[in-house]
Amino acid sequence: FFFTNLTDFYLKEGKTDVALALTDSMLRTKPDSPLYLYGKSLALMSAEHYAESIEAAKQALEFDEDLAEAYYVVGVCYYNLAVRMVRPDHVDMELYRKTHAQIRDYYAKARPYLETFRRLAPDESARWAPLLYRIYFSLNMGEQFEEIEQLMRTQKMR
């Protein structure tokens, strides 16, 4: 309780370095704690160190496969990697194809984690629905896209 509240406080204050130091110190005492690994992944995600955040969250899931928030962190990190890919500003078909393929790959990697989060936290649709909406759209998954679009329309998320 204390650890999660303190970590949340630091992250809300924009003190990701302090939150990361806290999680690292806690992990030194108990390196296999899914809670501390999740905290680390959250701090890394806040610092936009997405690859490291993904690894920490995946480690947390190795110790607790029902840790819904860790699935969310992995999915969001892959999603953010896709969204923040720099698209070429000039016409180079090979570079465009590679960039587009990488974006699709990140979305494809985010999808199962966000779908698992959806299954584990169905009441958190405000968090997972907009992400899955864009993923399904980008991956040309018409049936799934239409389902999420309808859900968002009925819940007035748009």
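Just so we're clear, the structure is a prediction, and the values are computed from it rather than from any experiment. Note that residues are indexed from 1 along each chain, following the sequence as it is written. In keeping with the model being predicted, local features are shown solely for residues with a pLDDT of at least 70 and side-chain atom pairs are shown and tallied solely at 80 or more, while totals for entire chains, interfaces and linings include all residues. For the side-chain quantities, the full set of heavy atoms in the structure was used; hydrogens and water were omitted.

Turning our attention to the nonpolar core. The set of buried Ala, Val, Leu, Ile, Met, Phe, Trp, Tyr and Cys residues whose side-chain atoms join them within 4.5 Å is what this entry labels a nonpolar core. Whether a residue is buried, partly exposed or exposed follows from its accessible area with a 1.4 Å probe, protein chains only, as a fraction of its type maximum: under 20%, in between, or over 50%, in that order. Of all hydrophobic cores here, the largest spans 50 residues; its most connected members are Ile135 and Ile148. For this core, the elements supplying multiple residues, two or more each, are helix 1 (2–12), helix 2 (16–29), helix 3 (34–46), helix 4 (50–63), helix 5 (68–83), helix 6 (93–120), helix 7 (125–138) and helix 8 (142–154). A run of DSSP states H or I qualifies as a helix once it reaches four residues; a run of E qualifies as a strand once it reaches two. Both are numbered from the N-terminal end. Tallying contributions element by element places helix 5 first for this core, with eleven residues. In contact with Ile135, other than residues within four places in its own chain, are Tyr79, Tyr107, Ala110, Arg111 and Leu114. Residue contacts are counted whenever heavy atoms from the two residues lie within 4.5 Å of one another.

Here, expected helix span is obtained from the residue count minus one, scaled by 1.5 Å. Compared with an ideal rise of 1.5 Å per residue, which puts 16 residues at 22 Å, helix 5 spans 23 Å between its outermost C-alpha atoms and is within 8% of the ideal. Among the 16 residues of helix 5, 13 are classified as buried, and the element is accordingly described as predominantly covered.

Among the secondary structure elements, Glu69 is positioned in helix 5. Exposure remark for Glu69: the relative accessible area of 24% places this residue in the partly exposed category. In this view, Glu69 contacts Tyr38, Phe117 and Arg127; residues no more than four positions away in its chain are not counted. What qualifies as a polar contact is a pair of N or O atoms within 3.5 Å, subject to a donor-acceptor requirement within protein and to the restriction that residues adjacent in sequence count only when both atoms come from side chains. Within the local environment of Glu69, its side chain forms a polar contact with the side chain of Arg127, the two groups lying 2.7 Å apart.

Despite not being glycine, Glu48 shows a phi value in the positive range, around 65 degrees. Summarising the element assignment, Glu48 is placed in the loop between helix 3 and helix 4. Residue Glu48 is classed as partly exposed on the basis of its relative accessible area, which comes to 47%. Backbone geometry at Asn140 places phi at a positive 55 degrees, although glycine is not the residue there. Mapped onto the fold, Asn140 is located in the loop between helix 7 and helix 8. By relative accessible area, which is 68% here, Asn140 ends up exposed.

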